[in-house]
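Chains, contacts and geometry: an overview
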2 protein chains.
Amino acid sequence: MSKSENVRQVEATNAEYLANFDPNLGKLPTPPARKFAILTCMDARMDPAKFAGLSEGDAHVIRNAGGRASDDAIRSLVISYKLLGTKEFFVIHHTDCGMALFNNQIMGDLLSQSLEQAVVDENGWRDVGQGPGSPDGGKIDWLTFTDAREAVIDDVKKIRHHPLIPKNIPIYGYLYDVRSGKLEEIAQATEIGKAV
Amino acid sequence: MSKSENVRQVEATNAEYLANFDPNLGKLPTPPARKFAILTCMDARMDPAKFAGLSEGDAHVIRNAGGRASDDAIRSLVISYKLLGTKEFFVIHHTDCGMALFNNQIMGDLLSQSLEQAVVDENGWRDVGQGPGSPDGGKIDWLTFTDAREAVIDDVKKIRHHPLIPKNIPIYGYLYDVRSGKLEEIAQATEIGKAV
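Residues numbered from 1 in each chain as written. Chains lettered and ligands numbered in written order. Predicted model: local features only at pLDDT ≥ 70, side-chain atom pairs only at ≥ 80, totals over all residues. Heavy atoms only, no water.

1. As for the packing of helix H4 (residues 104-113) of chain A against helix H3 (residues 71-82) of chain B
Helix packing for two helices is described by the angle between their axes and how far apart those axes are. Close contact between H4 of chain A and H3 of chain B brings their axes to 12 Å; oriented N to C, the two are set at 70°. Between H4 of chain A and H3 of chain B, the crossing angle belongs to the class labelled roughly perpendicular. Residues Met-107, Leu-110 and Leu-111 of chain A of H4 of chain A form the contact with H3 of chain B, whose own contacting residues are Val-78, Ile-79 and Lys-82 of chain B. Taken together, the residues of the contact of H4 of chain A with H3 of chain B sort by class into five nonpolar, no polar and one charged. (Axes fitted to C-alpha atoms, helices over the stretch in contact; angles between N-to-C directions. Helix = DSSP H or I, 4+ residues; strand = E, 2+ residues; numbered from the N terminus. Parallel < 35°, antiparallel > 145°, perpendicular 65-115°, else oblique. Contact = heavy atoms within 4.5 Å. Nonpolar A, V, L, I, M, F, W, Y, C, P; charged D, E, K, R; others polar.)

So this is what it looks like as structure tokens:
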């Protein structure tokens, strides 16, 4: 099968990366050297290694739609802390997030019409795909939000109070501005009962 | 409260990033320019932007413990495709993954003893924390694996056959070698019924 442009580009970049690979990187151990984990959004405009200054080997980076403290993000944080030695968590959401552009009702409706791509304009979302869709989209909590700052605080609290997260690990909440590149501190939870 | 060394370093790096921020990055739209999403591991040794050649704005990056096709990763992929215009998915696991160092039984046992950090030596994992622990760790599927190549294929298949993923989106499975930086193609699924 012929390769897509993206596959060709990814493979070509990797060949270059490989050719210039620092042998010391190949000797790094599994636990992160700087002993922290970042939970952030999958958004293409964010590069945590650049905006937060991470070299290979420094920190765990967990990313999903919204940077939400989903059960799976908490699975990853617990593994990060309990087995791989991290001692601080950063939760970093961002401005202009796609998760504020829809809600569970809209997503369920769109997916019930087709699985194909939807379009959005001033009248809202519209499905233009050919069916069939699936009713399963209506059963999922898509973890959308309307206020990015509140969502950071909600997620810091959710992690803070989770029964598998130790009560004294510091959790820092930030908002990243995709227009300026700035990280703004939003919440900090050092122990249950303090701060947020 | 005084700031930790990691917080100080993250904030100092961000101040530099901000000072040198390219104003064109601030104008990027939400949908990724190169229209693809990568699902990969949270492992600190992997920098997808570097080993796969991503600039800010190019692609969604979803990361969790193991790079597994968890329900939450699939939530993110569906949002990426259905609302934000991506048309190809890459699943990238890696060699020497922490997820091969334990299993559900071990993790459940460790968490039942304490929430604090466990240690590992030639006799296996051992909890040295002070209790109490929580029985909740025994109820979670931690999504561990024993064979990294099989895990890539399993995850490509899981995404391919998920009822909310369109049947013709290409899904490419790779294994990243943390010793060399090399991406190795493992699986490719273009349509249900073809390849994996």
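Now that the structure is up, let's keep going.
2. Digging into the interface of chain B and chain A
When the parts come together, some accessible area is lost, and that loss is often what is quoted as the size of the interface. Chain B puts 97 residues into the contact, and the matching count from chain A is 97 residues. Roughly 8,200 Å² is buried in total at the junction of chain B and chain A, and carbon and sulfur atoms are behind 59% of that figure. There are six salt bridges connecting chain B and chain A. Between the two partners, chain B and chain A, sit 59 residue pairs in polar contact (both at pLDDT 80 or more). Sort the elements by how many residues they give to the side of chain B that touches chain A and helix H1 (residues 5-19) of chain B lands first, with nine residues. Of the residues belonging to the side of chain B that touches chain A, the class tally is 45 nonpolar, 26 polar and 26 charged. (Buried area = accessible area lost by both parts, 1.4 Å probe. Salt bridge = Lys/Arg side-chain N within 4 Å of Asp/Glu carboxyl O. Polar contact = N/O pair within 3.5 Å; in protein donor to acceptor, adjacent residues only side chain to side chain.)

3. What to know about the domain arrangement of chain A
Residue and element names in this part refer to chain A. By domain assignment, chain A separates into domain 1 (30-101 + 142-192) and domain 2 (103-140). Computed over C-alpha atoms only, the centres of domain 1 and domain 2 are separated by 28 Å. With four residues of domain 1 at the contact, the number on the domain 2 side is seven residues. Roughly 510 Å² of surface becomes buried between domain 1 and domain 2 when both sides are summed, with 62% attributable to carbon and sulfur atoms. (Domains from an automatic or database assignment.)

4. Some details on unusual backbone geometry
Cis geometry marks the peptide bond from Gly-131 of chain A to Pro-132 of chain A; its omega dihedral reads 0°. Structurally, the position occupied by Pro-132 of chain A is in the loop between strand S5 (124-127) and helix H5 (148-160). The phi angle at Lys-35 of chain B is positive, at roughly 55°, despite the residue not being glycine. Position of Lys-35 of chain B relative to the elements: it lies in the loop between H1 and strand S1 (36-41). Take Lys-35 of chain B: its relative accessible area is 40%, and that puts it in the partly exposed class. (Buried < 20%, exposed > 50% of the residue type's maximum accessible area, 1.4 Å probe, protein only.)

5. Some remarks on the pairing of strand S1 (residues 36-41) of chain A
Residues and elements named next belong to chain A. Along S1, six of the six residues are buried, which leaves the element largely enclosed by surrounding structure. Relative to strand S2 (residues 59-64), S1 runs parallel, the two being bridged by six bridges. Residue Ala-37 lies in a different strand from S2, and its bridge partner there is His-60. Note that S1 and strand S3 (residues 88-94) share five bridges and pair parallel. Among the inter-strand pairings, Thr-40 is bridged to a residue of S3, identified as Ile-92. (Pairing = 2+ DSSP bridges.)

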